[in-house]
Structure formats: C-alpha cells, structure tokens
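# Architecture at a glance
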Amino acid sequence: MDWSRAKNVLICTFLLLNVVLGRQLWNDAQETAGPNLDFTSLDENTQRLMEEKSIQVLAPIPGDTPQLPKLSYTYVRGEKDERVQLVKPVDSKLVFTHDALVEALEPQIKDIDNYQYDPLDVQEEPASGQTDAFVLHPLVQDKWPLFNVKLALFYSNQKITGYRKIQVVLQPSDEAKKMLPASKALARLIDSYLPRDSIVKDIRLGYYGQTFNSDSQVAAPVWRFMLDNGKGVYYVQMNGDVISPKKEHTEGS
C-alpha cells in the first residue's frame, strides 16, 4: 500500500469534512440568531437596557415607516355574536395555507379572502373559556390587519366545524401620516413598560383602538408587540402612546 498517497487522501478528506461541518455550524448559528441579527436600529442606551433587564427580541424589527390614516369602522348589526356551524367541516391543517384555506372555506364564509391568519391571537369563549379556535383579522387596504376584529374558526377533532364572524364596514377618517419607526416604539417599551425577562415574540403593523359600547368605533395605526407565552401585548401608536389592553388604559408620553 502507498501510505504516502493514502495519507494525502485522508488529509484531503478531513479538510473537506471540516469545511462541510464548518458551513453547517455557521448555518445553524444564523438560524439560531434568526431575527436577532441586527439591533443597529436601536440606540446604545436601549441596547444597554435590554441587557440589564434581560429582555430578548425574537422577531425582526421592521424598517418600513409607511404613511397610514386613522380609520373608523361600524359593526353590522345582528352579526356580532353569531356562531355558525359549517355545513361541511374542513380539515384544520388547511389553516396554515392561506390559499388552500380560502379555497376550502370561501363557499361557506363570505369575504374570507380579505382576512389574515394570526397565529399568536386566540379566541376565548366567554362561557367556557375554551380557546379551540384559529383567529383571522380583516385587512385594511388589503394589507394591514385590524386587530380589534376577529373571525374565529372553531375546530374539533382536526376539523374546522364552525365560525364566528364580526362583520364591519371600514372608512378611512383622517389624512395619512408617517408611522413611528418600530425601533423607536420598541425602545419606548423597553425603557418604561416591559418587565424584566420579557421575550418579544412578534412585531406587526396594523390597526387598533380602544373599544366603546357603540356600533361606531375608531382605530389608529399601531405597532403590535406580542410577548412570549401570552404574557402580554402592547400597541404603540404613531405618536408614541402605548395601549396595554390588560391594564385597560392608554399611557401617553
């Protein structure tokens, strides 16, 4: 046997293996870091507070600041609390594919193509407290979810069996204004609102407003910050005001 040649083959093989393993480790590190790759949009003071309070952000910080108007919306009478059973139950796995979900449910649920699935929201039944429902929100301008309004898809035994749809009519009510950057909204939360060890799981732009005992409501553009394990949700308006539904009030600057 030519040991010199065999040794060279082994050396090349180990070098190639190291390259492959190194690339895999790099990819794993990138996936683990995920949305935490870039905090340069946060100032040094905010980053320091994150470390001091052990706050993690596991969601990308959006960089877009579109111009959006406030809006008003009106409930359609007679449909706010109605639960409807589907004539033909639908396989619940379809909820994770929007096009397939629309195709399967559009014959039974009108305008479902104008709703967006929200995997972090839940629908609780007042009587039972059960949360066996997928939640979708209607879209403003075909893009921005209205978080106040929910289409709940109830499921049982891996089948969507019924739904509750809150029907509303939307009307823009103000001139469009530029949104507060998500990084500044997040900095405000880190500075004054988020408790220690908070984990920000999702940052999403949409519409939200405190609700009143009326058919007519008002909503404003907001950044929604959802914490991990259902520990809280915060809405930051374009002027920096923070709404925390669990505290049931709005806190201004």
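For the structure, check the block above.
This text gives an overview of the structure that appears in the document. Being a predicted model, the structure only gives us computed values, none of them experimental. For every chain, the first residue of its written sequence is number 1, and the numbers climb from 1 along that sequence. Restriction of local features to residues with pLDDT of at least 70 applies here, the model being predicted, together with a cutoff of 80 or more for giving and counting side-chain atom pairs; totals for whole chains, interfaces and linings are based on all residues. For the side-chain quantities, the full set of heavy atoms in the structure was used; hydrogens and water were omitted.

### What about unusual backbone geometry?
Positive phi outside glycine occurs at aspartate 111, with the angle close to 65°. Looking at aspartate 111, the relative accessible area reads 36%, which means it is partly exposed. Positive phi, close to 60°, is recorded for aspartate 142, a residue that is not glycine. Within the secondary structure, aspartate 142 sits in the loop between β6 (133-140) and β7 (144-145). For each residue, the accessible area found with a 1.4 Å probe, counting protein chains only, is set against the maximum for its type, and the residue is called buried under 20%, exposed over 50%, and partly exposed in between. Runs of E in the DSSP output that reach at least two residues are strands. Runs of H or I that reach at least four are helices, and both are numbered from the N terminus.

### Some remarks on the packing of aromatic side chains
Think of it this way: a Phe, Tyr or Trp ring, Trp meaning its six-membered ring, pairs with another when their centres are within 6.5 Å, and the plane angle makes it stacked under 30 degrees, edge-to-face over 60, tilted otherwise. Overall, the coordinates contain five aromatic pairs when judged by the stated rule. Judged by centre distance (6.0 Å) and plane angle (75°), the rings of tyrosine 117 and phenylalanine 134 are edge-to-face. With tyrosine 117 in strand β5 (residues 115-117) and phenylalanine 134 in strand β6, this residue pair connects regions lying 17 residues apart in the sequence. Since its relative accessible area comes to 11%, phenylalanine 134 is described here as buried. Centre to centre, the rings of phenylalanine 147 and tyrosine 235 are 5.8 Å apart; their planes meet at 45°, and the pair counts as tilted.

### Observations concerning the pattern of salt bridges
When a carboxyl oxygen of Asp or Glu is within 4 Å of a side-chain nitrogen of Lys or Arg, the pair counts as a salt bridge. Counted by the stated rule, this structure contains seven salt bridges. Lysine 201 is the partner of aspartate 228 in a salt bridge, and the nearest nitrogen-oxygen pair spans 3.8 Å. Here aspartate 228, found in the loop between β13 (216-227) and β14 (233-237), pairs with lysine 201, found in strand β12 (residues 199-208); they are 27 residues apart in sequence, far enough to count as distant. One salt bridge connects aspartate 202 with arginine 224, and the closest N-O pair in it is separated by 3.4 Å. Placement of the pair is aspartate 202 in strand β12 and arginine 224 in strand β13, with a sequence separation of 22 residues. For arginine 224, a relative accessible area of 1% translates into the label buried. Among the ionic contacts, a cluster of salt bridges with common partners joins Asp118, Asp202, Arg204 and Arg224.

### Thoughts on helix α4 (residues 182-192)
If you check which residues of α4 are buried, you get Ala182, Ser183, Ala185, Leu186, Ala187, Leu189 and Ile190. On the buried face of α4, the contacting elements are α2 (44-52), β1 (56-57), β12, β13, β14 and β15 (242-244). The contact rule is simple, with two residues in contact once any of their heavy atoms fall within 4.5 Å.

### Some remarks on the packing of α2 against α4
What counts as an axis is a line fitted to C-alpha atoms, over the stretch in contact for a helix, and the angles between N-to-C directions run from 0 to 180 degrees. Contact pair α2 / α4: the axes reach a minimum separation of 10 Å and the direction vectors enclose 45°. By the criterion of interaxial angle, the relationship of α2 to α4 is oblique. Where α2 crosses over α4, the handedness of that crossing is left-handed. Contact with α2, carried on its side by Thr46, Leu49 and Met50, involves Ala187, Ile190 and Asp191 of α4 and no other residues of that element. Three categories are distinguished: nonpolar for Ala, Val, Leu, Ile, Met, Phe, Trp, Tyr, Cys and Pro, charged for Asp, Glu, Lys and Arg, and polar for the others, with Gly belonging to the last. In the contact of α2 with α4, the residues fall into four nonpolar, one polar and one charged. Any angle that falls under 35 degrees is termed roughly parallel, while one over 145 is termed roughly antiparallel, one within 65 to 115 roughly perpendicular, and all others oblique. Each crossing is labelled by how the near helix is turned from the far one, with a counterclockwise turn of less than a right angle marking it left-handed and a clockwise turn marking it right-handed.

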